[in-house]
Amino acid sequence: MKELVNTTRDIARELARKYSTMTHEELDTLESILVPMKFNKGELILKEGEVCKNIYYVDRGLIRQFYRKKGKNVTEHLGENHTIFMCIESLFKEEPTKLQVEALEPTVIYALPKHKLEQVALHNVNIQILYRKILEESLITSQVHADLVRFESAHDRYKRMCKLYPQVVLRAPLVYIANYLQMTPETLSRVRAATVFED
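Residues numbered from 1 in each chain as written. Predicted model: local features only at pLDDT ≥ 70, side-chain atom pairs only at ≥ 80, totals over all residues. Heavy atoms only, no water.

Novice: Looking at this structure, how should I read unusual backbone geometry?
Specialist: Both trends apply: most residues other than glycine have a negative phi, and most peptide bonds are in trans. The phi torsion at Lys70 lies on the positive side, around 50 degrees, for a residue other than glycine. Topologically, Lys70 is positioned in the loop between β4 (63-69) and β5 (72-79). Phi is positive for Gln182, which is not a glycine, with a value near 55 degrees. Take Gln182: it is sitting in the loop between α8 (174-180) and α9 (185-198). (Helix = DSSP H or I, 4+ residues; strand = E, 2+ residues; numbered from the N terminus.)

Novice: Explanation requested: the side chain of Glu26 in the structure shown.
Specialist: Within the secondary structure, Glu26 sits in helix α2 (residues 24-33). No salt bridge is formed by the buried Glu26; its nearest oppositely charged neighbour, Arg9, is found at 11 Å. Excluding anything up to four places from it in sequence, Glu26 contacts Thr21, Asn124, Val125, Asn126 and Ile127. (Buried < 20%, exposed > 50% of the residue type's maximum accessible area, 1.4 Å probe, protein only. Lys, Arg positive; Asp, Glu negative; His and termini not counted. Salt bridge = Lys/Arg side-chain N within 4 Å of Asp/Glu carboxyl O. Contact = heavy atoms within 4.5 Å.)

Novice: Before we go on, may I ask you to explain the packing of helix α5 (residues 125-151) against helix α6 (residues 154-164) in this structure?
Specialist: In helix packing, the relevant descriptors are the interaxial angle and the interaxial distance, both defined with respect to the helix axes. Where α5 meets α6, the axes come as close as 9 Å, and the angle between the chain directions of the two elements is 155 degrees. On the basis of their axis angle, the class for α5 and α6 is roughly antiparallel. Seen from above, α5 lies across α6 with right-handed handedness. Residues Val144, Leu148 and Val149 of α5 touch α6, and the partners they reach there are Arg157, Arg160 and Leu164. Of the residues contributing to the contact of α5 with α6, the split by class is four nonpolar, no polar and two charged. (Axes fitted to C-alpha atoms, helices over the stretch in contact; angles between N-to-C directions. Parallel < 35°, antiparallel > 145°, perpendicular 65-115°, else oblique. Left-handed = near helix turned anticlockwise from the far one by under 90°. Nonpolar A, V, L, I, M, F, W, Y, C, P; charged D, E, K, R; others polar.)

Novice: Looking at this structure, I do not really get the nonpolar core. What am I missing?
Specialist: Nonpolar side chains tend to gather and get buried jointly when the protein is soluble and globular. Counting residues in each nonpolar core, the largest one holds 40 residues, and the members touching the most others are Leu15, Leu30, Ile45, Ile55 and Leu112. Residues Val168, Val169, Tyr180 and Val191 belong to the second largest nonpolar core, which totals 17 residues. (Core = buried A, V, L, I, M, F, W, Y, C linked by side-chain atoms within 4.5 Å.)

Novice: What exactly am I supposed to notice about the pairing of strand β8 (residues 107-113) here?
Specialist: Within a regular strand, side chains alternate between the sheet's two faces. Of all seven residues that make up β8, seven are buried, and the element is covered over most of its length. Side-chain alternation along β8 places Thr107, Ile109, Ala111 and Pro113 on one buried face and Val108, Tyr110 and Leu112 on a second face that is also buried. Relative to β8, strand β1 (residues 35-39) runs antiparallel, the two being bridged by five bridges. Each residue of the ladder has a partner; that of Lys38, found in β8, is Val108. Pairing between strand β3 (residues 54-60) and β8: six bridges, direction antiparallel. Paired with Val58 across the strands is Ile109, a residue of β8. (Pairing = 2+ DSSP bridges.)

Novice: Explain the sheet that holds strand β2 (residues 44-46) here, please?
Specialist: In sheet architecture, strand pairing relies on hydrogen bonds along the backbone and comes in two forms, parallel and antiparallel. Reading across from one edge, β2-β7-β4-β5 is the order of the four strands in this open sheet, with antiparallel pairing throughout. Looking at the sheet topology across the chains shown, the edges are occupied by β2 and β5. The sheet shows a mean angle of 35 degrees between the axes of neighbouring strands, direction not considered. Of the pairings in the sheet, the one linking β2 to strand β7 (residues 100-103) comprises two bridges and is antiparallel in character. When the sheet's bridge partners are listed, Leu44 is paired in β7 with Glu102.

Encoded structure:
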């Protein structure tokens, strides 16, 4: 895998641009708590039974968040470059997670340790705003997925995913996309074929 291209400073700037405006001092503070991590394809970033202590920012790569139910893996989230993920219940309750996170490609991630983020947020209003907006985004992403599988047809689910997460649709294995959309791979193949004829 290539060496890290972005520095922690680049990532701090990226996060500031996305979630909050920051002074140079606040950027320094945010940069000081970022932890770069690299994972190979197929490597687990977080295992079932571990406590999630970080909010994670994907610099580049692709991740899958999943859990086991009745002996099968259920995909709950697929994340790509420049997106956030966390196991929110484990993070806030400080209890072992039932979720697992796997790198589907060679992946570079920056961890924001929750306890450090909360410490610096006490003294930096813009970091406080960043923290709040990251949590809001995470909750909205979960809600979008819940509504997708609850209210929309298989066809509409796939079309909406293509619109919301085009890179994920292009890069993630079809079996995981089908799983995320709560349909069989066969149904997804039919839906994809029908969608091609529409365009």
